[in-house]
Amino acid sequence: MRDDLDLEAFRQKLTKRKEQLEKARRPIETVTLDQSRIGRLTRMDAMQQQAMSRAAARLAQMEEGRISLALERLAEGDYGYCVQCEEQIPKKRLEADPSALTCIRCARSLEG
């Protein structure tokens with residue numbers, strides 16, 4: 001258990017962000033490809049918008065997953081420790097992203 005962190009403040013931040021993501025969730029509209037009704041550029045624009053909506057939904061879903069894991073780790077007393085190397089995640093990193101599950105070194109090694 002980390003004594004240098006205000007765990008309740010982090011719990012509140014995580015819970016608030018999770019609620020925001022849940023409120024912002026909306027169904028993705030399917031693009032109609034009826035060529036007699038709309039032009040090619042309009043269809044392309046609609047398809048691009050749909051792809052962007054799907055990508056944004058995937059990112060939000062991934063963030064919700066990280067938040068859920070962070071909340072579980074808070075409940076278990078493991079919050080603030082890297083899931084890879086088990087070292088403390090710097091406080092500034094957690095303040096920037098309360099759902100961070102890895103330290104910067106492990107996050108970089110996972111990226112590259």
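That block above? That's the structure.
Conventions we followed
Residues numbered from 1 in each chain as written. Predicted model: local features only at pLDDT ≥ 70, side-chain atom pairs only at ≥ 80, totals over all residues. Heavy atoms only, no water. Salt bridge = Lys/Arg side-chain N within 4 Å of Asp/Glu carboxyl O. Helix = DSSP H or I, 4+ residues; strand = E, 2+ residues; numbered from the N terminus. Buried < 20%, exposed > 50% of the residue type's maximum accessible area, 1.4 Å probe, protein only. Core = buried A, V, L, I, M, F, W, Y, C linked by side-chain atoms within 4.5 Å. Contact = heavy atoms within 4.5 Å. Phe/Tyr/Trp six-rings, centres within 6.5 Å; stacked < 30°, edge-to-face > 60°. Lys NZ or Arg CZ within 6 Å of the ring centre and 35° of its normal. Expected span 1.5 Å × (residues − 1). Arc of directions from axis to C-beta.

Trainee: Explain the pattern of salt bridges here, please?
Mentor: Side-chain pairs of opposite charge can arise where the charged atoms are in close proximity. Going through the model one piece at a time under the given rule, you end up with four salt bridges. In this structure, E8 engages R11 in a salt bridge whose closest nitrogen and oxygen atoms are separated by 3.2 Å. Residue E8 and its partner R11 are both found in helix α1 (residues 7-24); the two are separated by three residues, about one turn of the helix. When its relative accessible area of 30% is taken as the criterion, R11 is described as partly exposed.

Trainee: Please clarify how the nonpolar core should be interpreted in this entry.
Mentor: In summary, soluble globular proteins display a tendency toward joint burial of nonpolar side chains. In this structure, L5, L14, Y79 and L94 are the most contacted members of the largest nonpolar core, which totals 15 residues. Contributions of two or more residues to this core are made by α1 and α2 (40-76). Top contributing element to this core by residue count: α1, with four residues. Filtering out sequence-adjacent residues up to four positions away, L14 remains in contact with I67, A70, L71, L74, Y79, P98 and S99.

Trainee: Looking at this structure, I do not really get unusual backbone geometry. What am I missing?
Mentor: Note: most peptide bonds trans; most residues except glycine with negative phi. With a phi close to 65 degrees, E86 is a non-glycine residue in the positive phi region. On the secondary structure map, E86 appears in the loop between α2 and α3 (91-96).

Trainee: Before we go on, may I ask you to explain the environment of K91 in this structure?
Mentor: Take K91: it is sitting in helix α3. Separated by eleven residues in sequence, K91 and G80 place their C-alpha atoms 7.9 Å apart. The residues touching K91, leaving out its near neighbours within four places in the chain, are R2, D4 and L5.

Trainee: Explain the packing of aromatic side chains here, please?
Mentor: What describes a pair of aromatic rings is the distance from one ring centre to the other and the angle between the planes of the rings. What the rule picks out here adds up to one aromatic pair. Pairing F10 with Y79 gives two aromatic rings, centres 5.6 Å apart and planes at 45 degrees, and the pair type is tilted. Taken together, the residues F10 in helix α1 and Y79 in the loop between α2 and α3 connect sequence positions 69 residues apart. Each member of the pair, F10 as well as Y79, carries the same accessibility label: buried. Residue placement shows R2 over the ring face of Y81; its charged tip is 5.9 Å from the ring centre.

Trainee: How do you make sense of the environment of I89 when you look at a structure like this?
Mentor: If you trace the backbone, I89 turns up in the loop between α2 and α3. Assessed through its relative accessible area of 1%, I89 is described here as buried. Spatially, the C-alpha atom of I89 lies 6.7 Å from that of T102, the residues being 13 residues apart in sequence. Leaving out residues up to four positions away in the same chain, I89 has contacts with R2, G80, Y81, C82, L94, A100, L101, T102 and C103.

Trainee: Help me understand α1 in this model?
Mentor: Think of an α-helix as turning once every 3.6 residues; residues three or four places apart then point the same way. Along its 18 residues, α1 runs 26 Å from first to last C-alpha, staying within 8% of the 26 Å computed at 1.5 Å per residue. Taken together, the buried positions of α1 are occupied by L7, F10, L14 and L21. Looking straight down α1, one finds that the buried residues subtend no more than 65 degrees of arc, so they occupy a single side. Exposed positions of α1 whose direction lies more than 90 degrees from the buried face are Q12, K16 and K23.

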